[in-house]
Amino acid sequence: MISSVTFEKSTWANTPHKFEAGTPAIVETLGLGAAIRWVESIGFDAIEAHEQALTTYALEKLATVPGLRVVGAPKQRGGVISFTMADVHPHDIATLLDRNGIAVRAGQHCAEPLMRRLGLHATTRASFGVYTDTNDIDALAETLVRIRDFFV
Amino acid sequence: MNSLAQDLYDRQIVERARNPLHAGDLPEPDLQGEGRNPLCGDRTRLDIALQGHHISQIRHRTRGCALCTAAADMLAERLSGCSVEEARAVGARFSAMLVAQDAPAQTIVQGAEEQRNDPLEGMPSLGVMEPLTAVRFHKARIRCVELPWVALKEALAHVRV
């Protein structure tokens, strides 16, 4: 923040105010408040149950996709599934899923040592949230089958 | 899927990725270079044989996506027989194409003056690499097709022409 500005020179407010630039994040603050109220209105138990149901459904669905292998089989799994597909690179998968409106992450996921430990070069990773539904999972599985057909 | 993939994954790219024509090693390469992308784990190694100042043969070992593998294979084909200078010029043209804005295609009505100002004038053609040009509309994938050129740059780093 300034103290005074002219064409000839500027002077600054005293610290800490001199380091506070521009308009505070007012819109973002209000938005965060609305988001927190929305999440609390649903409740974390309901969100967890929803994500668990989706994850179980997704694991069943993905098991039917030719050449697909889910990475890891933990007793407890959050709404996140990493997978590989024989003969199709994760980046090609991610680009084509994206073209069908499905956003995933592909690559080493900032975890190169783990990739090496698993003997993998890269994976594709789909994750589910409170806004995801079973139609999205169906679209994911169906698009993956088409991607496999395209490349192999 | 064809409709989804059509513009980016040209049939020639998919075919190259599936069955590369120039994959492998050279027994006694004159030059070697490697390109790595730490974000995705992809890697290309080039073995290059020289005859004087000309590239007589290139082989690549690529661990990467379809675009990266096809780009490496097309590089090997396009640059075989080129002088080192020409190889660099093809690379410069390829780089220029990857950052090119969506300029209207050259049409026959464009005047001679405009053609004189064409920055690509006099640069070598992309030839077999032409299908890769669609990547410029997919920013996240540009690194994939550049990786073999990173390897080439390393291989040619100490070659003076």
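This structure is a prediction, so every number in the text was calculated from the model and none was measured.

1. Things to note about the overall build of chain A
Within chain A, the regular secondary structure consists of five helices and six strands. Against the globule reference of 15 Å for 152 residues, chain A gives a C-alpha radius of gyration of 23 Å, more extended than a compact globule. Counting only C-alpha atoms and orienting by the principal axes, one finds that chain A spans roughly 70 × 35 × 30 Å. Element-wise, carbon and sulfur atoms account for 57% of the exposed surface of chain A, whose accessible area totals about 9700 Å².

2. Describing the overall build of chain B
Scanning chain B from N- to C-terminus turns up six helices and three strands. Listing each helix as α and each strand as β along chain B from the N terminus yields α-α-β-β-β-α-α-α-α. A buried classification covers 43% of the 161 residues belonging to chain B. Counting only contacts in chain B whose residues sit at least 6 apart along the sequence, the fraction spanning at least 24 positions is 68%. Within the structure as shown, chain B displays about 8700 Å² of accessible surface, and the carbon and sulfur contribution to it stands at 50%.

3. With respect to the interface of chain B and chain A
For interface size, the figure often reported is the accessible area lost on association. Contacts between the two partners involve 23 residues from chain B and, on the opposite side, 17 residues from chain A. Taken together, the links from chain B to chain A amount to one salt bridge. For arginine 141 of chain B, the salt bridge identified is with aspartate 92 of chain A, shortest N-O distance 2.9 Å. For the pair chain B and chain A, the number of links is eight residue pairs in polar contact (both at pLDDT 80 or more). Those elements that place two or more of their residues in the side of chain B that touches chain A are α1 (2–5), α2 (11–18) and α3 (66–79) of chain B.

4. Some words on the packing of aromatic side chains
The final tally for this structure, using the stated rule, is four aromatic pairs over all chains. Between phenylalanine 150 of chain A and phenylalanine 151 of chain A, the aromatic rings sit 5.0 Å apart at their centres with planes inclined by 85 degrees, giving edge-to-face as the arrangement. Each of the two residues, phenylalanine 150 of chain A as well as phenylalanine 151 of chain A, counts as buried. Summarising the aromatic geometry, the rings of phenylalanine 150 of chain A and tyrosine 9 of chain B are spaced 6.2 Å apart at their centres and angled 75 degrees between planes, so their arrangement reads as edge-to-face. One end of the pair, phenylalanine 150 of chain A, is in helix α5 (residues 134–151); the other, tyrosine 9 of chain B, is in the loop between α1 and α2, on a second chain. Tyrosine 9 of chain B matches phenylalanine 150 of chain A in its accessibility class, with the two residues each being buried. One aromatic cluster is present, formed by Phe150 and Phe151 of chain A together with Tyr9 of chain B through successive ring pairs.

5. Some remarks on unusual backbone geometry
Residue and element names in this part refer to chain A. In the segment running from threonine 15 into proline 16, the intervening peptide bond is cis, with an omega of 0 degrees. Although it is not a glycine, aspartate 87 adopts a positive phi angle of roughly 70 degrees. As for its position among the elements, aspartate 87 is in the loop between β4 (80–85) and α3 (90–99). Assessed through its relative accessible area of 66%, aspartate 87 is described here as exposed. Non-glycine residue histidine 109 carries a positive phi angle of around 55 degrees. Turning to its location among the elements, histidine 109 is positioned in the loop between β5 (105–107) and α4 (112–118). When its relative accessible area of 11% is taken as the criterion, histidine 109 is described as buried.

6. Here we look at the nonpolar core
Judged by nonpolar contacts, the single largest core of 63 residues is most densely connected at Leu144 and Phe151 of chain A together with Tyr9, Leu67, Leu79, Phe94 and Met129 of chain B. Setting aside residues up to four positions removed in sequence, methionine 129 of chain B forms contacts with Met74, Leu75, Arg78, Val90, Phe94 and Trp149 of chain B.

7. As for the sheet that holds strand β3 (residues 54–63) of chain B
Residues and elements named next belong to chain B. Strand order in the open sheet formed by three strands is β1-β2-β3, with antiparallel pairing between adjacent strands. Edge positions in the sheet fall to β1 (31–37) and β3, since each has one partner strand and no second. Averaged over all pairs of adjacent strands, the angle between their axes in this sheet comes to 15 degrees, without regard to strand direction. Here β1 runs beside strand β2 (residues 42–51); their pairing, made up of seven bridges, is antiparallel. Bridged to glycine 35 within β2 is threonine 44. Contacting β1 and β2, helix α6 (residues 142–156) crosses the sheet at an angle of about 145 degrees to β1.

8. Examining the sheet that holds β4 of chain A
All names here are of chain A. Taken together, the four strands give an open sheet; going across it, the order is β3-β4-β6-β5, and neighbouring strands pair in antiparallel fashion. A strand with exactly one partner marks an edge of an open sheet, and here the two such strands are β3 (68–70) and β5. The average angle at which neighbouring strand axes cross in this sheet is 30 degrees, direction not considered. The sheet contact formed by β4 and strand β6 (residues 123–127) spans four bridges and is antiparallel. Considered in β6, the bridge of isoleucine 81 is made with alanine 126. The strands that helix α2 (residues 44–62) touches are β3 and β4; relative to β4, the one it contacts most, it runs at about 10 degrees.

Conventions used here
Residues numbered from 1 in each chain as written. Chains lettered and ligands numbered in written order. Predicted model: local features only at pLDDT ≥ 70, side-chain atom pairs only at ≥ 80, totals over all residues. Heavy atoms only, no water. Helix = DSSP H or I, 4+ residues; strand = E, 2+ residues; numbered from the N terminus. Rg over C-alpha atoms; globule rule 2.2 N^0.38 Å. Areas by Shrake-Rupley, 256 points an atom, 1.4 Å probe, with all protein chains shown as cover. Buried < 20%, exposed > 50% of the residue type's maximum accessible area, 1.4 Å probe, protein only. Contact = heavy atoms within 4.5 Å. Salt bridge = Lys/Arg side-chain N within 4 Å of Asp/Glu carboxyl O. Polar contact = N/O pair within 3.5 Å; in protein donor to acceptor, adjacent residues only side chain to side chain. Phe/Tyr/Trp six-rings, centres within 6.5 Å; stacked < 30°, edge-to-face > 60°. Core = buried A, V, L, I, M, F, W, Y, C linked by side-chain atoms within 4.5 Å. Pairing = 2+ DSSP bridges. Axes fitted to C-alpha atoms, helices over the stretch in contact; angles between N-to-C directions.

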